[in-house]
Amino acid sequence: MMRLAALLAILMPVAASALDVGSSDFRHSSDLVADGFTPFAVSGAGGALYGLTKADMLYLCFLADSSDAQATRQATLLAEIRGDAPDTAVPNIPVICVLTQ
């Protein structure tokens, strides 16, 4: 029983600090890749598409799209399929990445 108490005393500060969640600005996926981050696959936890990592930094990346941009892309692509697309320019699909701890 004494060993368990000693172990808990040692681990308690670690557990408390693990619960402290900081904050940081999100970054665009393209910016992270330009900074040398490399992609890795994720299980889709929390809706993430993929992750990016470099050294000890790890980001999870998510879609940040709007319904208006989606509608514009869909209308343009359908017009292209019909052969009457006036313009092939469509909004990019924004992906933002959030630093994990």
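Data block above holds the structure.
Student: Outline a nonpolar patch on the surface, supporting the account with residue identities and numerical values.
Tutor: Residues Leu49, Leu63 and Ile93 make up a contiguous nonpolar surface patch of about 280 Å² in total accessible area. Within the secondary structure, Ile93 is located in the loop between helix H3 (67-82) and strand E5 (95-99).

Student: I'd love a proper account of the environment of Asp56, names of residues and values included.
Tutor: Here Asp56 is to be found in the loop between strand E3 (50-54) and strand E4 (57-63). Distance from Asp56 to Gln101, taken between C-alpha atoms, is 9.9 Å for residues 45 residues apart in sequence.

Student: Which residues make up the side chain of Arg73, and what values do they have?
Tutor: One can find Arg73 in helix H3. According to the relative accessible area criterion, Arg73 is buried, its value standing at 11%. Sequence-distant contacts of Arg73, defined by excluding residues within four places in its chain, comprise Asp65, Val90, Pro91, Asn92 and Ile93.

Student: Talk me through the pairing of E5; I want residue IDs and the actual numbers.
Tutor: Pairing of strand E1 (residues 27-28) with E5 involves two bridges; the strand directions are antiparallel. Along E5, the bridge assignment pairs Arg27 with Cys97. Alignment of E4 against E5, held across five bridges, turns out to be antiparallel. When the sheet's bridge partners are listed, Cys61 is paired in E5 with Cys97.

The rules behind each value
Residues numbered from 1 in each chain as written. Predicted model: local features only at pLDDT ≥ 70, side-chain atom pairs only at ≥ 80, totals over all residues. Heavy atoms only, no water. Patch = residues over 30% accessible without salt bridge, like charges linked within 9 Å, V, L, I, M, F, W, Y side chains within 5 Å. Areas by Shrake-Rupley, 256 points an atom, 1.4 Å probe, with all protein chains shown as cover. Salt bridge = Lys/Arg side-chain N within 4 Å of Asp/Glu carboxyl O. Helix = DSSP H or I, 4+ residues; strand = E, 2+ residues; numbered from the N terminus. Buried < 20%, exposed > 50% of the residue type's maximum accessible area, 1.4 Å probe, protein only. Contact = heavy atoms within 4.5 Å. Pairing = 2+ DSSP bridges.

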